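The lines below spell out each chain.
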Amino acid sequence: MNKGALALLVHGGTDNWSPVRWMKRFGDVCPDRPVVQMPDASFDPTKVHYAAVWKPKPGDLAGFPNLRVIFNLGAGVDALMADSTLPDLPLVRVAVPDLTERMTEYVVLHALMHHRQELYLRESQRVKRWSPQPQWAANAITVGIMGLGALGAHAAGVLRHVGFKVVGWSRSPKEIAGVPCFHGEQLDAFLRQTDILVCLLPATADTRQILNRGLFEKLNRDSPMGAPVLINAGRGALQNEADILSCLEDGTLGGASLDVYVKEPLPTDSPFWTHPKVVLTPHNAADTDPDEISKYVAQQIERFEAGGALDNVVDRGRGY
Ligand SMILES: NC(=O)c1ccc[n+]([C@@H]2O[C@H](COP(=O)([O-])OP(=O)(O)OC[C@H]3O[C@@H](n4cnc5c(N)ncnc54)[C@H](OP(=O)(O)O)[C@@H]3O)[C@@H](O)[C@H]2O)c1
């Protein structure tokens, strides 16, 4: 029973981030290791070797002098990178099939929703209007995915199976069968082909407010949809919300599916709530499942203690 303790710091605010739920799961998967939910004034912080965290308060992690690894319980580490006191230790993020497949469900659902004119059809149902518009095939539409990492690359493959043309853009060159991949300064060429823009980028200094009017104006306008559509499930910091609203108003964008916002929870006075061209979800495109992720962390700790390498370590220089 001399194993280093695992400290749990979870501040999510929603049911999925109930600290009690995560505590129970970590207790189950780390039966011979002390698991302590922070803050706990009675527990000696020098005994903590690992921290599993979601949105810890800035400075929280600096309080463990013998910490060895920080496990972020989600894929995006932007909240942690904003903590100037974050200890200089390996920072592991989540990249597991469970999370990836959940995100692909969201992306496919929303791409199909816009392609199949669901907003128009639901409104038709509400007003009892039997007036179908011509429907084009999926292969008439190109979905452009910004971010070809764990999430973007998987969504690209499934969207292709559905029948869409798919293109992608990332920082470094990529090769994905059947998906023309652009990178870095080839952004404009990628945008020119894109009818449905899916953003699965991390929020970093380089990507902040990348989703702005200047970018939307470069999207293709010749598809059967008439105007391009935005789907953002990356982070709110990636989007300029005033630009999204004005582009929806003047037709630069034909619609938007938003899962993430500059301010979360989305304030009740945000125009997004009631906008007829916006399909809104409360940052639940891909929930982190406590069962899956506690196992993922426990396995990584076992391997690390046996001298093995950690998976999915964040590159602090790049910020993701
Ligand atoms: N809404 C939700 O529920 C939810 C759930 C999970 C995750 N997310 C968000 O999704 C993001 C992506 O997750 P992931 O697991 O796919 O991350 P990932 O594997 O790290 O992939 C990130 C992708 O973005 C690209 N990228 C980063 N900076 C770039 C830049 N400046 N220019 C061009 N491309 C850039 C990377 O390019 P390279 O391949 O060249 O490195 C990579 O392809 C997370 O960071 C998180 O914010 C949201």
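Scroll up to find the structure this text is about.
Quantities reported herein were computed from a predicted structural model and do not represent experimental measurements.

1. Observations concerning the overall build of the protein chain
In terms of regular secondary structure, the protein chain is built from nine helices and 12 strands. The C-alpha atoms of the protein chain give 21 Å as radius of gyration, which agrees with the globular expectation for 320 residues (20 Å, within 12%). Expressed along its principal axes, the backbone C-alpha trace of the protein chain runs to roughly 70 × 40 × 30 Å. In the protein chain, which comprises 320 residues, the proportion classed as buried is 47%. Looking at the protein chain alone, contacts between residues at least 24 apart form 63% of all its contacts between residues at least 6 apart. Approximately 15200 Å² of the protein chain is accessible, and the part contributed by carbon and sulfur atoms is 53%. Separation of charge centres in the protein chain, based on 32 positive and 36 negative side chains, amounts to 3 Å.

2. Notes on the sheet that holds strand S4 (residues 69-72)
With parallel pairing, five strands are arranged side by side in an open sheet as S2-S1-S3-S4-S5. Single-partner strands in this sheet number two, and they are strand S2 (35-37) and strand S5 (91-92). Of the pairings in the sheet, the one linking strand S1 (residues 5-10) to strand S3 (residues 48-54) comprises six bridges and is parallel in character. Residue pairing for S3: leucine 6 is matched across the bridge by tyrosine 50. In the packing of helix H9 (residues 290-305) onto the sheet, contacts are made with S1, S3, S4 and S5, and the angle to S4 comes to roughly 160°.

3. What to know about the packing of helix H1 (residues 19-29) against H9
Packing of H1 against H9 leaves a shortest axis separation of 9 Å and a crossing angle of 45°. On the basis of their axis angle, the class for H1 and H9 is oblique. The crossing of H1 and H9 is right-handed. On the side of H1, the interface is formed by Arg21, Trp22, Arg25, Phe26 and Val29, while H9 contributes Pro290, Asp291, Ile293, Ser294, Lys295, Val297 and Ala298. Taken together, the residues that form the contact of H1 with H9 break down as seven nonpolar, one polar and four charged.

4. A look at the packing of aromatic side chains
This model, assessed by the stated rule, comprises six aromatic pairs. A ring pair is formed by tryptophan 17 and tryptophan 22, whose centres lie 5.1 Å apart and whose planes are at 5°; its orientation type is stacked. The buried category is assigned to tryptophan 17, whose relative accessible area is 8%. Taken together, a centroid distance of 6.3 Å and an interplanar angle of 45° make the contact between tyrosine 261 and phenylalanine 272 tilted. Here tyrosine 261, found in the loop between strand S11 (255-258) and strand S12 (278-280), pairs with phenylalanine 272, found in the loop between S11 and S12; they are 11 residues apart in sequence, far enough to count as distant. Overall, the relative accessible area of 5% leaves tyrosine 261 in the buried class. Stacked on the ring of tyrosine 320, the Lys or Arg arginine 318 has its end atom at 4.1 Å from the ring centre.

5. Description of the site of the ligand
Lining the immediate surroundings of the ligand are 29 residues, of which Arg93, Ser172, Lys174, Asp259 and Tyr320 lie closest. Serine 172 has a polar side-chain atom sitting 2.5 Å from an oxygen atom of the ligand. At 2.6 Å, a side-chain N or O of lysine 174 approaches an oxygen atom of the ligand. Protein burial of the ligand: of its 940 Å² of free accessible surface, 92% is covered by the chains. Contributing elements (two or more residues each) for the shell around the ligand: helix H5 (150-162) and strand S7 (165-170).

6. Comments concerning the side chain of histidine 114
Inspection of the secondary structure puts histidine 114 in helix H3 (residues 97-115). Within the structure, the side chain of histidine 114 is placed 2.8 Å from the side chain of serine 257, a separation counted as a polar contact. Apart from the residues within four sequence positions on either side, histidine 114 is in contact with Met225, Val229, Ile231, Gly255, Ala256, Ser257 and Val279.

7. Details of the pattern of salt bridges
For the coordinates displayed, the defined rule picks out 18 salt bridges. For lysine 3, the salt bridge is made with glutamate 302, and the minimal N-O distance between the two is 3.6 Å. Note that lysine 3 is positioned in the segment before S1 and glutamate 302 in helix H9, a separation of 299 residues in sequence. The partner of aspartate 250 in a salt bridge is arginine 213, and the shortest N-O contact between them spans 2.8 Å. Of the two residues, aspartate 250 sits in helix H8 (residues 241-250) while arginine 213 sits in helix H7 (residues 213-216), which places them 37 residues apart along the sequence. Relative accessible area serves as the criterion here: at 45%, aspartate 250 is assigned to the partly exposed category. Overlapping salt bridges, with partners in common, bring together Lys3, Asp32, Arg33, Glu302 and Glu305 in one network.

8. Notes on H1
Quick reminder: α-helices carry 3.6 residues per turn. Residues three or four places apart thus point the same way. Taken together, the buried positions of H1 are Trp22, Arg25 and Phe26. One side of H1 carries all its buried residues, which in axial view fall inside an arc of 95°. The exposed residues of H1 that point more than 90 degrees off its buried face are Val20 and Lys24. Where the residues of H1 are buried, they touch S1, S2, S3 and H9.

What counts and what doesn't
- Residues numbered from 1 in each chain as written.
- Predicted model: local features only at pLDDT ≥ 70, side-chain atom pairs only at ≥ 80, totals over all residues.
- Heavy atoms only, no water.
- Helix = DSSP H or I, 4+ residues; strand = E, 2+ residues; numbered from the N terminus.
- Rg over C-alpha atoms; globule rule 2.2 N^0.38 Å.
- Buried < 20%, exposed > 50% of the residue type's maximum accessible area, 1.4 Å probe, protein only.
- Contact = heavy atoms within 4.5 Å.
- Areas by Shrake-Rupley, 256 points an atom, 1.4 Å probe, with all protein chains shown as cover.
- Lys, Arg positive; Asp, Glu negative; His and termini not counted.
- Charge placed at Lys NZ, Arg CZ, Asp CG, Glu CD.
- Pairing = 2+ DSSP bridges.
- Axes fitted to C-alpha atoms, helices over the stretch in contact; angles between N-to-C directions.
- Parallel < 35°, antiparallel > 145°, perpendicular 65-115°, else oblique.
- Left-handed = near helix turned anticlockwise from the far one by under 90°.
- Nonpolar A, V, L, I, M, F, W, Y, C, P; charged D, E, K, R; others polar.
- Phe/Tyr/Trp six-rings, centres within 6.5 Å; stacked < 30°, edge-to-face > 60°.
- Lys NZ or Arg CZ within 6 Å of the ring centre and 35° of its normal.
- Near = heavy atom within 4 Å.
- Polar contact = N/O pair within 3.5 Å; in protein donor to acceptor, adjacent residues only side chain to side chain.
- Salt bridge = Lys/Arg side-chain N within 4 Å of Asp/Glu carboxyl O.
- Arc of directions from axis to C-beta.

Such coordinate-based values are descriptive only and should not be taken to indicate function.
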